[in-house]
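Results of the structural survey
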Amino acid sequence: MSLTPDDCEEPKFVQLKTCEGFIHDVETCLVEQMGTVRDMLLLECSDSTDVIPLAKIEWWIMKMVIHWCRLVQDNSAQKEARDRSSMFIELLEEAKGDDEVVFQLLLAANYLNVESLLDAGTQYLADAITTCGSAEEIRNRFNLQNDIPSDEYEP
Amino acid sequence: MSLRAYNIDDPSNDADQPDALVDFTAMLRQQRNGGRQREYGGWFGCGSKMQPEPPDQGYYIEQYVLGVLDFSSQYGIDYSISYTAANIIGRPTKYPSYGDYPETYTMRTYGDWWLKAPSATREIQAQNMPKVDTHDYIVVYFEEFVVPTEVAIFETFNPGAVVRIWAYGMTKNWTCLWEATDNDVKLGPGRESRRFAPPIKKTTIITKTLRIDFNHSRLFYYTEIDAIMLCGRTVSRIHNLLGRQRLQHRQVASAPSTPTPPSLPSSSEESGDGPISCKLRTLKFQPNCGQDGATKLHEFINNDLSQFLLENQVEETAEAPVSRLCLTDLPFEILLRILSYLDLKSLFRVGQVSRTFYDISTHPLLYGELSLKPYWHLASSELLCTLASRATMLRKLDLSWCGGMGNISPTEFKKFLTQRGDNLTHLRLNSCKFLNASCIETVGIVCDNLTELSLRNCATDPPLLNFSCLANLKNLERLDLFQTAFETELLLSMLESNRKLKHLNLAFCGVSVNMDEVVEHLATYNTQLITLDLWKSHFLTTRGLQFITKLHQLEELDLGWCLRESSLGDGLFKLLTNCPKLKKLFLSAVRGTTERDLMHIAALGKNLEQLDIMGMISLTHERVYDILVGCPKLQLLDLSFCDNVVDGEGFDDLAEWARRFNVDIKSSRFHLARH
């Protein structure tokens, strides 16, 4: 990232438009965390005065991603992975989100290339899997169908 | 009168356990039937005093270690009686006294100092490690087979390192009898000796072999174990019992492990078109007569309930869209990323969830690093075979501690290596009992891309490394032969071939090695060396030390118990001058160290972080102070047996200096932490 967190003294804004047409005003320093947008600006696909269209993202997810970026920036002093995990759980609890929200966040993070959110989200799901004691528990937890016939089980 | 009076050394052994009373009565009965000793087994050289025809019910015995099968590390050298694993045999000799006694079992390391040193390595596939991981272990055996009721470990110095107790049953499986929780490790035990007997799992296994796991990251100094006691009920007619146990084991093994989702009673189905009934339609209904009906119902409710809740949630929150994403809707890379955080056990579990997950969980990218060390008790030839088919991109492999009781065959290992070893960069085979000369040869031939080879604790007779099998390796940066004997010629040729060598560990390599010759080679061929461990290389001389001074990149040097001469000459001065990057310097029991040498350390040791000058009898307070002032980065200073300094009035000074200079000052006699 080219800007340090302290550089947000005089925020410059970037406008991001989500699929419904809603426009989000986001400080440039936060947008720096979104690799896709940052690259767009770098490559001058669009001026910073233009509105950047993000057709794949819905407005409420965008809000959460922006919130995440802000959390990360505020916490930039403590960069340990552990903190990120608890930050993610906080974010989820605030939004009263379930697995659904996690998946949406991950898809958004993937599209926008927000590495930290991708990390935290995938780690969250990995932790959920490790707490399951059996394949059946995993299926229950994530509502998955079993399509392996019983005689095909590998050792 | 209680027969327990014999055990005056375990005062904590009171008659609160109801078991004891019952046994006592039984014993009395047996005694009347023709006299038998209550406690035997575990004595030096004593044979079993068993009657020719033992009665039906077993009797309760307490026994001490008869012999040691394996250990990952010890402080002393094999032929010595000080601080070696063999000291754990028999009755406790020091307990209940507390202190640093050579007649105990001590491991080579303590605390986290070795993890902070330049020679520290990273764990392979770190996500496999349990929260409280094992640093060291010892495997001991007793005389009599028993069903264990208690395991007591007599700790006589810095207690608190025991984290797991395992027992090897007659069915050839390891059972974990006890495991420390996070809390157990956090609470620092006091500085008193203790008879540590945690509550072990109730079990019916029959055993006479135990493995104790240690984690000493929280310890201030070395932990020392005086003895281990195994208490339990013996079994008569062992062969009959063995037959019965084996039969049970076979039955358990052949039972299907949840082959299909529980067969749902269709009468309780509510929504006819719901996903549950669709699921039902695609399944073959397979009633499992042996299963519990209540369990089925419970699982059915679980399934249905979660579905119901999910539907409910979506209706309530108007904001969230109703697209109903599933885990499998995530793109492949994200799923792969999620699975990459999983430990091996969870990964295999996920593979059983569905076809999709089986495909993802077997992707080679997830098997770039493989560590079976935390699964040492489960690792088998079959597992290796399964992993071989997946690990096509294997780069790092850790099979340490595996194959202890013949679970892995050398043939399977060689097959695995031949298939997957050609791209390996890191290979760790510490304490692998299945290794033979042929295996090592395979390593040498197949794994020519190795940058790290670790063969700790692989001492065999004749030595494993005894011909030019490893001469093909030319890219080594790290070679760890701790506690492993080797033929000098082989090592010399390896040193010549591996010019990029950075880390070399030859601790406990044995008395037959001409260490002067070895370091002469280092000075010629391996001048990029950063860390060198020559612990207990008795026959390293000052001549050798001169060669070491040519290694200008040295950051870590362990010369403990080397250089048995009266004077080092200018060796140490040269070393400190030529190796300014030195961070860790261990001169434990190097008797030739003089006052002048210490002045050099104080003057030149600008980067020193860890310093061990144990045994310097002539050490004075002034020199200690000089060193503390002159080495601003010092964190560890070991002054054990520097009798002039650690006894008497100087203690207060040392305590104050420890705080002022922020240094941990170690000694067998006291604890002086920086805070």
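Throughout this document, residue positions are counted from 1 along each chain, in the order its sequence is written. Written order decides the labels, with chains lettered from A and ligands numbered from 1. Local features in this predicted model are restricted to residues whose pLDDT is 70 or higher, and side-chain atom pairs enter the listing and the counts only when it is 80 or higher, whereas totals over whole chains, interfaces and linings include all residues. Side-chain numbers come from the whole structure's heavy atoms, not from hydrogens or water.

Under an unreviewed UniProt entry, the name given to chain B is F-box domain-containing protein, and the organism recorded is Drosophila ananassae.

An unreviewed UniProt entry lists chain A under the name SKP1 component POZ domain-containing protein, from Drosophila ananassae. As recorded by UniProt, the Pathway (unreviewed entry) comment attached to chain A reads in full: "Protein modification; protein ubiquitination." UniProt positions are given in the numbering used here, feature names are shortened, and annotations may be inferred rather than shown by experiment. Reading the Sequence similarities (unreviewed entry) entry of the UniProt record for chain A gives the comment "Belongs to the SKP1 family."

Right, let's get into the overall build of chain B. Numbering goes from the N terminus for both helices and strands, where a helix is a DSSP run of H or I of at least four residues and a strand is a run of E of at least two. In terms of regular secondary structure, chain B is built from 20 helices and 22 strands. When checking whether two residues touch, look at their non-hydrogen atoms; a contact exists if any pair is within 4.5 Å. Contacts in chain B between residues far apart in sequence, at least 24 positions, make up 77% of those at least 6 positions apart. The protein chains shown are the only cover counted for residues, whose accessible areas, like all others here, come from Shrake-Rupley with a 1.4 Å probe. Surface accessibility of chain B: about 29,600 Å² in total, with carbon and sulfur atoms responsible for 53%.

The next thing to look at is the domain arrangement of chain B. For each domain, the first and last residues come from an automatic or database assignment. Structurally, chain B comprises domain 1 (60-241) and domain 2 (331-364). Between domain 1 of chain B and domain 2 of chain B, the C-alpha centre-to-centre distance is 36 Å.

A separate point is the pairing of strand β4 (residues 136-157) of chain B. Across a regular strand the side chains alternate sides, sitting on one face of the sheet and then on the other. All names here are of chain B. With 19 of 22 residues buried, β4 is to be regarded as a mostly interior element. Whether two strands pair comes down to DSSP finding at least two bridges between them. As defined by bridge partners, strand β2 (residues 67-71) adjoins β4 across four bridges and the pair is classed as antiparallel. Note that in β4 the partner of Asp 70 across the bridge is Val 139. Bridge count for β4 against strand β9 (residues 224-234) is ten bridges, and the pairing is antiparallel. Paired with Pro 148 across the strands is Gly 232, a residue of β9. When β4 meets strand β7 (residues 194-196), the two strands line up antiparallel, connected through three bridges. Paired with Glu 155 across the strands is Arg 194, a residue of β7. Burial status follows relative accessibility: with a 1.4 Å probe on protein chains alone, a residue under 20% of its type maximum counts as buried, one over 50% as exposed, and anything between as partly exposed.

Take the buried Ala, Val, Leu, Ile, Met, Phe, Trp, Tyr and Cys residues and link them wherever side-chain atoms come within 4.5 Å; each set so joined is a nonpolar core. Among the nonpolar cores identified, the biggest contains 176 residues, and B:Leu435, B:Ile548, B:Ile601 and B:Leu639 are the most heavily contacted of them. Among the elements that line this core, the one with the most residues is helix α3 (residues 59-74) of chain A, at ten residues. Here this core gathers at least three residues from each of two domains, domain 1 (60-241) and domain 2 (331-364) of chain B. B:Leu435 has contacts with B:Phe413, B:Leu429, B:Ile440, B:Leu455, B:Cys458 and B:Leu464, leaving out every residue within four places of it along the chain. Core analysis: the second largest hydrophobic core is formed by 34 residues, B:Tyr59, B:Met107, B:Phe196 and B:Ile200 among them.

Residue and element names in this part refer to chain B. With eight of eight residues buried, strand β5 (residues 162-169) is to be regarded as a mostly interior element. Sheet topology places β5 next to strand β8 (residues 207-214); seven bridges connect them, and they run antiparallel. What sits directly across from Ile 165, in β8, is Ile 212. Where β5 and strand β6 (residues 174-179) come together, five bridges link them in antiparallel fashion. Considered in β6, the bridge of Tyr 168 is made with Trp 174. Between β5 and β6, which pair antiparallel one after the other, the connecting turn spans four residues, and Lys 172 there sits at a positive phi close to 65 degrees.

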